[in-house]
Amino acid sequence: KLQGAPARDLFDLMEAARDPETNEAFSDAQLGDQVATMILAGHETTATALFWSLYLLALDPVAQEQLATEARQVPADGEADLDRLKFTRAVVDETMRLYPPAFLIARSALGADEIAGMPIARKDVILIAPWLLHRHEKLWRDPNAFVPERFLAPAPPPDRFAYLPFGAGPRVCIGAHFALVEATLALARIIAAFRVTLLDKDPVMPMGVVTTQPDRSPMFQITPR
Ligand code: HEM
């Protein structure tokens, strides 16, 4: 980027950022770390969530129309207005319930403990499975159905420990807010402009490979609205 030219992207913004207390810029090594985080933790996860959102909306034309109607009320060139994209946000939330991009969260025990009567030794690895929690029959009504309304008022918000797309506790995802804003706006923009259908009708199966990946790339058709 030329000196003084406006920022073109997130990297330019990070390069120009200054610590509000010390006025220091990121070092080159820190900029490298930020880029690596954006690509590894921040890109694949959100892209996966968007894939499954489009897949679920292609299978549910009624929900897709509802999202399109909401999204078209928000001007494409104006300030993004998340308060007016409540259904779109509920679709993102419900997608990450059914297909949590991070399907497993691992922890190593600091010391001996007990979980539900099972003894835990120091350094034992505990796997917490959002995939299972999010589809548990005791925690959700009709757990395998795509029902975005679960995440819309007047429905009560889900129990904090029943819904963990971004984890919980001190190591909760630092990018959760960024990801939710990005996914909601991207989905609204795509569905406002295009009707999305699936040409390839065979069910797409999820595969756990770091993130919850589709087992193949199904053919979609996108038609301008
Ligand atoms: C839909 C998108 C995303 C999902 C589903 C997701 C999921 C998660 C989960 C479950 C954790 C906790 C892992 C654990 O407890 O072991 C986590 C941590 C983390 N995420 Fe995300 N994430 C997303 C987007 C992002 C974005 C956009 C960024 C960066 C801009 C990001 C950066 C991080 C970082 C740095 C951590 C580690 C935090 C720590 O250990 O203190 N994530 N993410």
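Residues numbered from 1 in each chain as written. Predicted model: local features only at pLDDT ≥ 70, side-chain atom pairs only at ≥ 80, totals over all residues. Heavy atoms only, no water.

(A) Broad picture of helix 4 (residues 61–72). If you check helix 4, its first and last C-alpha atoms are 16 Å apart, about what 12 residues at 1.5 Å a residue would give, namely 16 Å. Tucked inside the fold, the buried residues of helix 4 contact helix 3 (44–59), helix 5 (86–98), helix 7 (176–193) and strand 5 (194–198). (Helix = DSSP H or I, 4+ residues; strand = E, 2+ residues; numbered from the N terminus. Expected span 1.5 Å × (residues − 1). Contact = heavy atoms within 4.5 Å.)

(B) The site of the ligand, seen in detail. Around the ligand, the surrounding shell holds 20 residues, and the nearest of these are Met-38, Gly-42, Arg-107, Arg-171 and Cys-173. For the ligand, a nitrogen atom lies 3.4 Å from a polar atom in the backbone of Ala-41. Arg-171 places a side-chain nitrogen or oxygen 3.0 Å from an oxygen atom of the ligand. Breaking the shell around the ligand down by element, the ones donating at least two residues are helix 2 (28–40), helix 3, strand 1 (105–108) and helix 7. (Near = heavy atom within 4 Å. Polar contact = N/O pair within 3.5 Å; in protein donor to acceptor, adjacent residues only side chain to side chain.)

(C) Representation of the packing of aromatic side chains within the structure. All chains considered together, the criterion is met by nine aromatic pairs. Measuring from ring centre to ring centre gives 6.0 Å for Phe-51 and Phe-220, while their planes differ by 80 degrees; the resulting arrangement is edge-to-face. Of the two residues, Phe-51 sits in helix 3 while Phe-220 sits in strand 8 (residues 220–224), which places them 169 residues apart along the sequence. Using a relative accessible area of 17% as the deciding quantity, one classes Phe-51 as buried. Taken together through their ring pairs, the aromatic side chains of Phe-51, Trp-52, Tyr-55, Tyr-99, Trp-131 and Phe-220 make up a single cluster. Here Arg-97 stacks its cationic end above the ring of Trp-140, 5.2 Å away from the centre of that ring. Arg-135 extends its terminal NZ or CZ atom over the ring of Tyr-99, reaching a point 5.4 Å from the ring centre. (Phe/Tyr/Trp six-rings, centres within 6.5 Å; stacked < 30°, edge-to-face > 60°. Buried < 20%, exposed > 50% of the residue type's maximum accessible area, 1.4 Å probe, protein only. Lys NZ or Arg CZ within 6 Å of the ring centre and 35° of its normal.)

(D) The arrangement of the pattern of salt bridges in detail. One pass over the structure, following the stated rule, counts eight salt bridges. Two residues, Asp-12 and Arg-8, come together in a salt bridge whose shortest N-O distance is 2.9 Å. The buried category is assigned to Asp-12, whose relative accessible area is 2%. Bridged by salt links that share partners, the residues Glu-65, Arg-195 and Arg-225 form one connected network. (Salt bridge = Lys/Arg side-chain N within 4 Å of Asp/Glu carboxyl O.)

(E) Quick look at helix 3. Here helix 3 contains 16 residues, and its C-alpha end-to-end distance of 23 Å stays within 8% of the 22 Å for a straight helix at 1.5 Å per residue. Of all 16 residues that make up helix 3, 12 are buried, and the element is covered over most of its length. Three or more residues of helix 3 are buried, namely Thr-46, Thr-48, Ala-49, Leu-50, Phe-51, Trp-52, Ser-53, Leu-54, Tyr-55, Leu-56, Leu-57 and Ala-58.

In short, shape yes, function no, at least from these values alone.
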